[in-house]
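# Commentary on secondary and tertiary structure
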Amino acid sequence: MNKNKQIRILFVCHGNICRSTMAESVFTYMVEKAGLSAQFKIDSAATSTEEIGNPPHYGTVSKLRKEGIPLVPHRARRMTADDYEYYDLLIGMDSANIRNMQRIAGGDPDRKIFKMLEFCGTSHDVADPWYTDNFDETYRDVTAGCSALLEKLKKV
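The present account deals with the structure reproduced in this document. (Residues numbered from 1 in each chain as written. Predicted model: local features only at pLDDT ≥ 70, side-chain atom pairs only at ≥ 80, totals over all residues. Heavy atoms only, no water.)

### Thoughts on the overall build of the protein chain
Each helix and strand counted, the protein chain has six helices and four strands in total. When the elements of the protein chain are put in sequence order from the N terminus, they spell out β-α-β-α-α-β-α-β-α-α. Whereas a compact globule of 156 residues would reach a radius of gyration of roughly 15 Å, the protein chain reaches 14 Å, a difference of no more than 12%. Taking the principal axes of its C-alpha atoms as reference, the protein chain extends roughly 40 × 35 × 30 Å. Every one of the 156 residues in the protein chain was classed for burial, and the buried ones make up 53%. Sequence-distant contacts in the protein chain: of pairs separated by 6 or more residues, those separated by 24 or more amount to 75%. Just so you have it, the protein chain exposes about 7,600 Å², and 48% of that area is on carbon and sulfur atoms. Averaging the locations of the 21 positively and 21 negatively charged side chains of the protein chain gives two centres separated by 4 Å. (Helix = DSSP H or I, 4+ residues; strand = E, 2+ residues; numbered from the N terminus. Rg over C-alpha atoms; globule rule 2.2 N^0.38 Å. Buried < 20%, exposed > 50% of the residue type's maximum accessible area, 1.4 Å probe, protein only. Contact = heavy atoms within 4.5 Å. Areas by Shrake-Rupley, 256 points an atom, 1.4 Å probe, with all protein chains shown as cover. Lys, Arg positive; Asp, Glu negative; His and termini not counted. Charge placed at Lys NZ, Arg CZ, Asp CG, Glu CD.)

Okay, here's the thing in structure tokens:
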């Protein structure tokens, strides 16, 4: 990892209150535990406008609290084309997020958009607790993706 260059990562889901906020908090926690906070700028965003300004979903808050992971202070916001220019990696939670991220960014000419579980070697989507109400499953997916991402970046 290049200690002179900060890696900027944006986690993205549909509303920015469940999965991407969970990923932002989990990855921030992992980076802090690894002593690498100075090497990262971490944020999250939505592809929709439905939840703009809202805090993280109570299920995400509850699951993170149960796991002892601090919730990053956050209000939902929408991803912009400028985010594509600013961030080094833009990580979507599912295939629909990826399509919408590419639409917002005007494509992916710099190959910076990835699906979260790609870092685990799979094309699966991160389970969406908005529909399943299963924050445990989402947490497992997010933790696996964040862990694999961090390991990959440590080797860069």
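And the narrative resumes.
### Some details on the sheet that holds strand β2 (residues 40-46)
What holds strands together in a sheet is hydrogen bonding between their backbones, with the strands either parallel or antiparallel. With parallel pairing, four strands are arranged side by side in an open sheet as β2-β1-β3-β4. Each having just a single partner strand, β2 and β4 (113-115) make up the two edges of the open sheet. On average, each strand axis in the sheet is tilted by 25 degrees relative to the strand beside it, whichever way the strands run. Pairing analysis gives four bridges linking strand β1 (residues 7-13) to strand β3 (residues 89-92), with the strands arranged parallel. Within β3, the position partnered with Phe11 by the bridge is Ile91. In the packing of helix α1 (residues 19-33) onto the sheet, the strands contacted are β1 and β2, and the crossing angle to β2 comes to about 170 degrees. Strands β1, β3 and β4 of the sheet are contacted by helix α4 (residues 95-105), whose axis makes an angle of about 170 degrees with β4. (Pairing = 2+ DSSP bridges. Axes fitted to C-alpha atoms, helices over the stretch in contact; angles between N-to-C directions.)

### Concerning the layout of surface pockets
Reported here for the largest pocket is a volume of approximately 200 Å³. Taken together, 16 residues make up the lining of the largest pocket; nearest its centre are His14, Gly15, Asp128, Trp130 and Tyr131. Looking at the lining of the largest pocket element by element, the count peaks at three residues for α4. By residue class, the composition of the lining of the largest pocket is six nonpolar, five polar and five charged. (1 Å grid on protein atoms, 1.4 Å probe; cavity = no way out; pocket = protein on both sides within 12 Å on 5 of 7 lines; lining within 4 Å. Points joined across faces, edges and corners; volume = space filled by probe spheres on them. Nonpolar A, V, L, I, M, F, W, Y, C, P; charged D, E, K, R; others polar.)

### Quick word on the packing of α1 against helix α2 (residues 58-67)
It is the contact of α1 with α2, at a shortest axis distance of 10 Å, that shows an interaxial angle of 25 degrees. Relative to α2, α1 is oriented roughly parallel. The crossing of α1 and α2 is right-handed. Where α1 approaches α2, its residues Met22, Ser25 and Val26 are matched on the opposing element by Thr60, Lys63 and Leu64. Split into classes, the residues belonging to the contact of α1 with α2 amount to three nonpolar, two polar and one charged. (Parallel < 35°, antiparallel > 145°, perpendicular 65-115°, else oblique. Left-handed = near helix turned anticlockwise from the far one by under 90°.)

### Observations regarding the pattern of salt bridges
Under the defined criterion, the tally for this structure stands at 10 salt bridges. In this structure, Lys5 and Asp88 form a salt bridge, with 3.2 Å as the shortest nitrogen-oxygen distance. Taken together, the residues Lys5 in the segment before β1 and Asp88 in the loop between α3 (81-86) and β3 connect sequence positions 83 residues apart. For the salt bridge of Lys154 with Glu151, the shortest nitrogen-to-oxygen distance reads 3.3 Å. (Salt bridge = Lys/Arg side-chain N within 4 Å of Asp/Glu carboxyl O.)

### Some points on the packing of α2 against helix α6 (residues 135-154)
Contact geometry for α2 and α6: axes closest at 10 Å, N-to-C directions at 65 degrees. Regarding the angle of α2 to α6, the classification is roughly perpendicular. For the element pair α2 and α6, the recorded crossing hand is right-handed. On α6, the residues that touch Gly59, Thr60, Lys63, Leu64, Lys66 and Glu67 of α2 are Phe135, Asp136 and Tyr139.

### As for α1
Under the 1.5 Å per step criterion, the end-to-end length of α1 is 21 Å for 15 residues, consistent within 8% with the ideal 21 Å. In terms of burial, α1 is largely enclosed, as 12 of its 15 residues are buried. Those residues of α1 that fall on the buried side of the exposure criterion are Arg19, Ser20, Thr21, Met22, Ala23, Glu24, Ser25, Val26, Phe27, Thr28, Met30 and Val31. Contacts from the buried residues of α1 go to β1, β2, α2, α4, α5 (129-132) and α6. (Expected span 1.5 Å × (residues − 1).)

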